[in-house]
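Summary of the model geometry
Listed below, chain by chain, are the residues.
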Amino acid sequence: EAQVTQNPRYLITVTGKKLTVTCSQNMNHEYMSWYRQDPGLGLRQIYYSMNVEVTDKGDVPEGYKVSRKEKRNFPLILESPSPNQTSLYFCASTPGWATSTDTQYFGPGTRLTVL
Amino acid sequence: GQQVMQIPQYQHVQEGEDFTTYCNSSTTLSNIQWYKQRPGGHPVFLIQLVKSGEVKKQKRLTFQFGEAKKNSSLHITATQTTDVGTYFCAGGSSASKIIFGSGTRLSIRP
């Protein structure tokens with residue numbers, strides 16, 4: 001089944017404890033991105049990647065890191081999480097690199113709470 | 001920077017009533033996409049509009065893209081309980097950039 005998977009789905013952690021949220025897609029998609037969703041703010045892009053080893057900042061990259069060593073995986077890393085990073089996170093992938101004209105397929109989401 | 005504003009933030013309707021959500025961009029868009037997110041779920045792609053003045057229909061849903069390619073709307077005729085969720089527009093500003101609106105949450109009284 002074609003899908004985008006994220007792990008974990010729920011995470012409660014404490015300030016400063018490094019964490020990684022994994023994202024994987026099995027559709028051989030070129031473009032992957034991370035979003036955070038907060039009430040009243042919609043979806044804001046954190047980072048995106050147009051291909052392996054190619055990543056770029058989205059609108060809210062501060063406090064986050066990503067890597068794209070393989071086409072299928074795009075982990076999101078929080079080196080030192082803070083409470084303002086408590087949010088619902090979505091990974092998404094797109095067949096081509098032109099995400100603005102391609103359908104984005106979203107993962108199920110990861111709800112992160114930073115105490 | 002570029003912004004995509006979406007109104008209203010919430011809409012509560014009686015089942016069978018119509019519903020409309022509007023998106024406005026501060027800049028001209030290359031295209032606009034619409035997504036639906038059910039409560040507790042993830043955004044799911046509904047449709048994409050590319051041409052100025054374009055109108056597309058999906059059963060009871062009608063999508064419009066403005067002549068100036070700076071605004072768009074989604075209209076649902078005769079809402080049903082299955083329409084409950086949050087509807088997002090997402091505007092394409094460049095090939096690799098897409099900006100989401102803040103969403104309109106639709107709730108329905110049976």
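Scanning chain B from terminus to terminus reveals zero helices and eleven strands. Starting at the N terminus and walking to the C terminus, you meet the elements of chain B as β-β-β-β-β-β-β-β-β-β-β. For 110 residues, the compact-globule estimate of 2.2 N^0.38 gives 13 Å, and the C-alpha radius of gyration of chain B, at 13 Å, lies within 12% of that figure. Seen along its three principal axes, the alpha-carbon backbone of chain B occupies a region of about 40 × 25 × 20 Å. Burial analysis of chain B (110 residues in total) assigns 46% to the buried set. Element-wise, carbon and sulfur atoms account for 52% of the exposed surface of chain B, whose accessible area totals about 5200 Å². Side-chain charges in chain B split into 12 positive and 6 negative, and the spacing between the mean points of these groups amounts to 9 Å.

On to the pairing of strand β11 (residues 110-114) of chain A, then. A regular strand places its side chains on the two faces of the sheet in alternate fashion. All names here are of chain A. Burial of β11 is one-sided: the residues Thr 110, Leu 112 and Val 114 facing one way are buried, the residues Arg 111 and Thr 113 facing the other way are not. As paired strands, strand β2 (residues 10-13) and β11 are joined by four bridges and run parallel to one another. Directly across from Ile 12, in β11, lies its bridge partner Thr 113. With three bridges joining them, strand β9 (residues 87-94) and β11 adopt antiparallel strand pairing. Note on β11: the bridge partner recorded for Tyr 89 is Thr 110.

This paragraph deals with unusual backbone geometry. For the bond running from Asn7(A) to Pro8(A), omega is -5°, close enough to zero to count as cis. Along the chain, Pro8(A) falls in the loop between β1 (4-7) and β2. A cis geometry characterises the amide bond from Ile7(B) onward to Pro8(B), with omega recorded as -5°. Looking at where Pro8(B) falls in the secondary structure, it is placed in the loop between β1 (4-7) and β2 (10-14). One non-glycine residue, Lys69(B), lies in the positive phi region at around 55°. Examined against the element boundaries, Lys69(B) turns out to sit in the loop between β7 (61-65) and β8 (71-76).

Attention now goes to the sheet that holds β7(B). Strand pairing in a sheet relies on backbone hydrogen bonds, with the paired strands running either antiparallel or parallel. Residues and elements named next belong to chain B. Strand order in the open sheet formed by five strands is β1-β3-β8-β7-β6, and the pairing between neighbours is antiparallel. In this open sheet, the two strands that pair with only one neighbour each are β1 and β6 (55-58). Each strand of the sheet is rotated relative to its neighbour by a mean of 15°, with strand direction disregarded.

Attention shifts here to the interface of chain B and chain A. Opposite the 22 residues of chain B that make contact, chain A presents 24 residues. Inspection of the chain B/chain A interface yields zero salt bridges. In this assembly, chain B and chain A are joined by two residue pairs in polar contact (both at pLDDT 80 or more). Mapped onto the side of chain B that touches chain A, the elements with two or more residues apiece are β4 (31-37), β5 (44-49), β9 (85-94) and β10 (97-100) of chain B. Along the lines of polarity and charge, the residues of the side of chain B that touches chain A split into eight nonpolar, 13 polar and one charged.

Ile32(B), Trp34(B) and Phe63(B) are the most contacted members of the largest nonpolar core, which totals 20 residues. Taken together, the elements giving at least two residues each to this core come down to β3 (19-25), β4, β5, β7, β8, β9 and β11 (104-109) of chain B. The residues touching Ile32(B), leaving out its near neighbours within four places in the chain, are Cys23(B), Ile47(B), Gln48(B), Leu49(B), Phe65(B), Ser72(B), Cys89(B), Ala90(B) and Gly91(B). Counting 19 residues, the second largest nonpolar core, distinct from the first, contains Val4(A), Tyr64(A), Leu78(A) and Leu112(A).

Here the focus is the layout of surface pockets. Empty space within the largest pocket amounts to approximately 630 Å³. Lining the largest pocket we find 30 residues, and of these Gln37(A), Leu88(A), Gln37(B), Thr86(B) and Arg105(B) sit closest to its centre. The set of elements that each furnish at least two residues to the lining of the largest pocket consists of β4 (31-38) and β9 of chain A together with β9 and β11 of chain B. In this structure, the second largest pocket encloses a volume near 290 Å³. Lining the second largest pocket are 14 residues, and of these Leu41(A), Arg44(A), Gln3(B), Ile99(B) and Phe100(B) lie nearest its centre. Broken down by secondary-structure element, the contributors of at least two residues to the lining of the second largest pocket are β5 (42-51) of chain A together with β1 and β10 of chain B.

Conventions and cut-offs
Residues numbered from 1 in each chain as written. Chains lettered and ligands numbered in written order. Predicted model: local features only at pLDDT ≥ 70, side-chain atom pairs only at ≥ 80, totals over all residues. Heavy atoms only, no water. Helix = DSSP H or I, 4+ residues; strand = E, 2+ residues; numbered from the N terminus. Rg over C-alpha atoms; globule rule 2.2 N^0.38 Å. Buried < 20%, exposed > 50% of the residue type's maximum accessible area, 1.4 Å probe, protein only. Areas by Shrake-Rupley, 256 points an atom, 1.4 Å probe, with all protein chains shown as cover. Lys, Arg positive; Asp, Glu negative; His and termini not counted. Charge placed at Lys NZ, Arg CZ, Asp CG, Glu CD. Pairing = 2+ DSSP bridges. Axes fitted to C-alpha atoms, helices over the stretch in contact; angles between N-to-C directions. Contact = heavy atoms within 4.5 Å. Salt bridge = Lys/Arg side-chain N within 4 Å of Asp/Glu carboxyl O. Polar contact = N/O pair within 3.5 Å; in protein donor to acceptor, adjacent residues only side chain to side chain. Nonpolar A, V, L, I, M, F, W, Y, C, P; charged D, E, K, R; others polar. Core = buried A, V, L, I, M, F, W, Y, C linked by side-chain atoms within 4.5 Å. 1 Å grid on protein atoms, 1.4 Å probe; cavity = no way out; pocket = protein on both sides within 12 Å on 5 of 7 lines; lining within 4 Å. Points joined across faces, edges and corners; volume = space filled by probe spheres on them.

These figures come from the coordinates and say nothing about function on their own.
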